[in-house]
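Architecture at a glance
If you want the building blocks of each chain, they are given just below.
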Amino acid sequence: MRRAYSLICDLVSRIVRFEGRKFLALKPGLQEDILRPEGGPEPALYIHIPFCRRLCPYCSFNRYPFEEERTRRYFRQLRRELDLYLERGFTFRSFYFGGGTPTVLMDELVAFLEYLHSRLPVEEISLETNPRDVTPETVRTLKGLGVRRLSMGVQSFDDGMLKAMGRLSHTGQEAIQKINLAQGQFETFNIDLLYNFPTQTLELFRRDIEMVKELGIDQVTFYPLMPAPKKRHAMERRFSKIDTHRERRFYDLILQEIYQDGYRPSTVWCFSRGDRMIDEYIIDYQDYIALGSGSVGLYRGLFYANHFDLDNYGQKVQSGQLPIAMSRVLPRRDLLRYHLLTQLFGMELKEESHRRRFGRTPDEDLGLELSALRLIGAVERTPGGYRVTERGMYVVSGMMREFFTALNRLREYCMVGGI
Ligand SMILES: C[S@@+](CC[C@H](N)C(=O)[O-])C[C@H]1O[C@@H](n2cnc3c(N)ncnc32)[C@H](O)[C@@H]1O
Ligand code: SF4
């Protein structure tokens, strides 16, 4: 039974891997300039800050070593890029700062947040940070500027694991101190933990989960390790094969441990106590505009990636053009499947929101996919649509892992190619 389930998970992952690569086969430039507000729901705004004081070897995001001058220049360019969207008539209320490390240069971040408040009706801000940057002063400042959700990368509380990961920005004890500083100060305080790292044992991971419960953290997001191909090879040369079959045991442990203490899934990777904000704007917002180097956006079916290379990014923005490196107008079928994936990732496919967006019911649009997922027990029918079952959570986790792995492949291609 367990083996059959593993085979099903493998098969579903393979399908998503194949579909993910197709989905992400972007062409150079802006394929069709439909980046103009159309009067529907406002898109979210994702803002990428690609600098870190230390670069972690496993990380697949677009990031560069912090240098003060180029970071200041970047924040100026970011403001210019925002203006380009505002000049097109866009307005935004929801903002998601990711990285890299958005808090790497606080005075610039503060100025940027003030700029947002001066130009836009800011309602929600979610922001990522690193333990090193969390101080009583940053917490006060960010709260004062309307940050409602703060998310801090911890990865593990175990110093041996942190060292093996090459995560040199903090120790386990320092992470706990920073958690104590930030917890209770925001509407939602989240930490990220990594699992299925080659040298990680289930026992070490269990201790990480226990620490989350002991500290009473509002929210925790568990990331399965998803390195881009070159990083994967480097890690496998140093340690051992990154085995996605092992991943399932870690995931089972999450479900076994986290439910006991009142945490409930906000997504298949993110568990919260009470109602909390999540950083998965891809679930809450059908459209999101991407700002900054190496960010990706989706608007009216146009999927696009900004320049990853800082010079290319800067030159485009300075010359008054959107810094879009590549894009693709998604066919309806791809958009439907993407929507299915992101909604299942958020645990629920709501008939009403599907109908509002696509004009038909999920069964009319995705009958085959939903029947197959029902058949393997991954989703069940509810009065309002479909819900992911506990058994299906790992299936969906594997689907998302494959999609992000494909995205990380694209990121690496752009970074290595200086795009
Ligand atoms: C941009 S980082 C978080 C903020 C901050 N830079 C930090 O690391 O503390 C977002 C999260 O992505 C996750 N992440 C990064 N690279 C990953 C990879 N290759 N596989 C899985 N998760 C990854 C980490 O858990 C990290 O905390
Ligand atoms: S995990 Fe965070 S701190 Fe480490 S390199 Fe990636 S973005 Fe930077």
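Calculation rules
Residues numbered from 1 in each chain as written. Chains lettered and ligands numbered in written order. Predicted model: local features only at pLDDT ≥ 70, side-chain atom pairs only at ≥ 80, totals over all residues. Heavy atoms only, no water. Pairing = 2+ DSSP bridges. Helix = DSSP H or I, 4+ residues; strand = E, 2+ residues; numbered from the N terminus. Axes fitted to C-alpha atoms, helices over the stretch in contact; angles between N-to-C directions. Contact = heavy atoms within 4.5 Å. Parallel < 35°, antiparallel > 145°, perpendicular 65-115°, else oblique. Nonpolar A, V, L, I, M, F, W, Y, C, P; charged D, E, K, R; others polar. Salt bridge = Lys/Arg side-chain N within 4 Å of Asp/Glu carboxyl O. Buried < 20%, exposed > 50% of the residue type's maximum accessible area, 1.4 Å probe, protein only. Expected span 1.5 Å × (residues − 1). Near = heavy atom within 4 Å. Polar contact = N/O pair within 3.5 Å; in protein donor to acceptor, adjacent residues only side chain to side chain. Areas by Shrake-Rupley, 256 points an atom, 1.4 Å probe, with all protein chains shown as cover. Left-handed = near helix turned anticlockwise from the far one by under 90°. Phe/Tyr/Trp six-rings, centres within 6.5 Å; stacked < 30°, edge-to-face > 60°. Lys NZ or Arg CZ within 6 Å of the ring centre and 35° of its normal.

Quick look at the sheet that holds strand S17 (residues 379-382) now. A sheet is described by the order of its strands in space; here three strands give the open sequence S16-S18-S17, paired in antiparallel fashion. Edge positions in the sheet fall to strand S16 (348-350) and S17, since each has one partner strand and no second. Taken over all neighbouring pairs, the strand axes of this sheet differ in orientation by 20 degrees on average, direction set aside. Bridge count between S17 and strand S18 (residues 385-388): four bridges; the pairing is antiparallel. The residue bridging threonine 382 from the neighbouring strand is glycine 385, located in S18. Where helix H13 (residues 351-358) meets the sheet, it contacts S16, S17 and S18, and its direction lies at approximately 55 degrees from that of S16.

Further remarks concern the packing of H13 against helix H14 (residues 362-375). Helix packing for two helices is described by the angle between their axes and how far apart those axes are. Where H13 contacts H14, the two axes come as close as 10 Å, and the packing angle between them is 105 degrees. By the angle class used here, H13 and H14 are roughly perpendicular. Counting all contacts with H13, which are made through Glu351, His354 and Phe358, the residues of H14 involved are Pro362, Asp365 and Leu366. Class assignment of the residues belonging to the contact of H13 with H14 gives a composition of three nonpolar, one polar and two charged.

The next point concerns the pattern of salt bridges. For the coordinates displayed, the defined rule picks out 33 salt bridges. With a shortest N-O distance of 2.9 Å, arginine 328 and aspartate 334 are connected by a salt bridge. Take arginine 328 and aspartate 334: they sit in the same class, and that class is buried. Note that arginine 360 is salt-bridged to aspartate 365, the shortest N-O span being 2.8 Å. Given a relative accessible area of 38%, arginine 360 falls into the partly exposed group. By relative accessible area, aspartate 365 is classed as buried at 5%. Linked by salt bridges that have partners in common, Glu203, Arg206, Arg207, Lys213, Glu257, Asp261 and Arg273 make up one network.

Quick look at the side chain of glutamate 247 now. Position of glutamate 247 among the secondary structure elements: in helix H9 (residues 244-258). For glutamate 247, a relative accessible area of 0% gives the class buried. In this structure, glutamate 247 is in contact with Tyr195, Asn196, Pro224, Tyr394 and Arg401, ignoring residues within four places of it in sequence.

Another aspect to go through is helix H2 (residues 68-87). For H2, spanning 20 residues, the distance from its first C-alpha to its last is 29 Å, which sits close to the expected 28 Å at 1.5 Å a residue. Downstream of H2 by one or two residues, glycine 89 has phi in the positive range, about 100 degrees.

This part takes up the site of ligand 1. If you check the shell around ligand 1, you find 20 residues, and the closest are Tyr58, Gln155, Arg167, Asp192 and Met226. With respect to ligand 1, the side chain of threonine 101 contributes an N or O atom lying 3.5 Å from a nitrogen atom. Within the contact set of ligand 1, an oxygen atom lies 2.8 Å away from a side-chain nitrogen or oxygen of arginine 167. Relative to its unbound accessible area of 560 Å², ligand 1 is 96% covered by the protein chains. At the level of secondary structure, the elements contributing two or more residues to the shell around ligand 1 comprise strand S6 (124-129), strand S7 (147-155), strand S8 (188-195) and strand S9 (219-224).

Where helix H12 (residues 332-345) meets helix H15 (residues 390-416), the closest approach of the two axes is 10 Å, and the angle between their N-to-C directions is 125 degrees. Classed by the angle they form, the pair H12 and H15 counts as oblique. In terms of crossing hand, the pair formed by H12 and H15 is left-handed. Contacts between H12 and H15 involve Tyr338, Leu341, Leu344 and Phe345 on the former and, on the latter, Val396, Met399, Met400 and Phe403. Here the contact of H12 with H15 is built from residues that sort into eight nonpolar, no polar and no charged.

Before going further, it helps to spend a moment on unusual backbone geometry. Of the consecutive residues glycine 99 and glycine 100, the connecting peptide bond is found in the cis state with omega at 15 degrees. Within the fold, glycine 100 resides in the loop between strand S5 (94-99) and helix H3 (106-119). Despite not being glycine, asparagine 196 shows a phi value in the positive range, around 70 degrees. Residue position: asparagine 196 is located in the loop between S8 and helix H7 (202-215). The phi torsion at arginine 300 lies on the positive side, around 50 degrees, for a residue other than glycine. Residue arginine 300 is classed as partly exposed on the basis of its relative accessible area of 34%.

Before going further, it helps to spend a moment on the packing of aromatic side chains. Applying the stated criterion to the full structure yields 20 aromatic pairs. Taken together, a centroid distance of 5.8 Å and an interplanar angle of 55 degrees make the contact between tyrosine 338 and phenylalanine 403 tilted. Here phenylalanine 403 lies in helix H15 and tyrosine 338 lies in helix H12, a separation of 65 residues in the sequence. The burial state of tyrosine 338 is the same as that of phenylalanine 403; both residues are buried. These aromatic residues form a ring-pair network of at least three members: Tyr195, Phe205, Phe222, Phe250, Tyr259 and Phe271. Above the plane of the ring of phenylalanine 66 lies arginine 53, whose end atom (NZ or CZ) is 4.3 Å from the centre. The positively charged end of arginine 79 is found above the aromatic ring belonging to tyrosine 115, 5.1 Å away from the centroid.

This brings us to the pairing of strand S14 (residues 302-306). Residues in a regular strand point their side chains to alternate faces of the sheet. By the criterion of burial, S14 is predominantly enclosed, with five of the five residues buried. Sheet analysis places strand S13 (residues 296-299) next to S14, joined by four bridges and oriented antiparallel. Among the inter-strand pairings, tyrosine 299 is bridged to a residue of S14, identified as leucine 302. Where S14 lies against strand S15 (residues 324-329), five bridges are found, and the strand directions are antiparallel. Residue pairing for S15: asparagine 306 is matched across the bridge by isoleucine 324.

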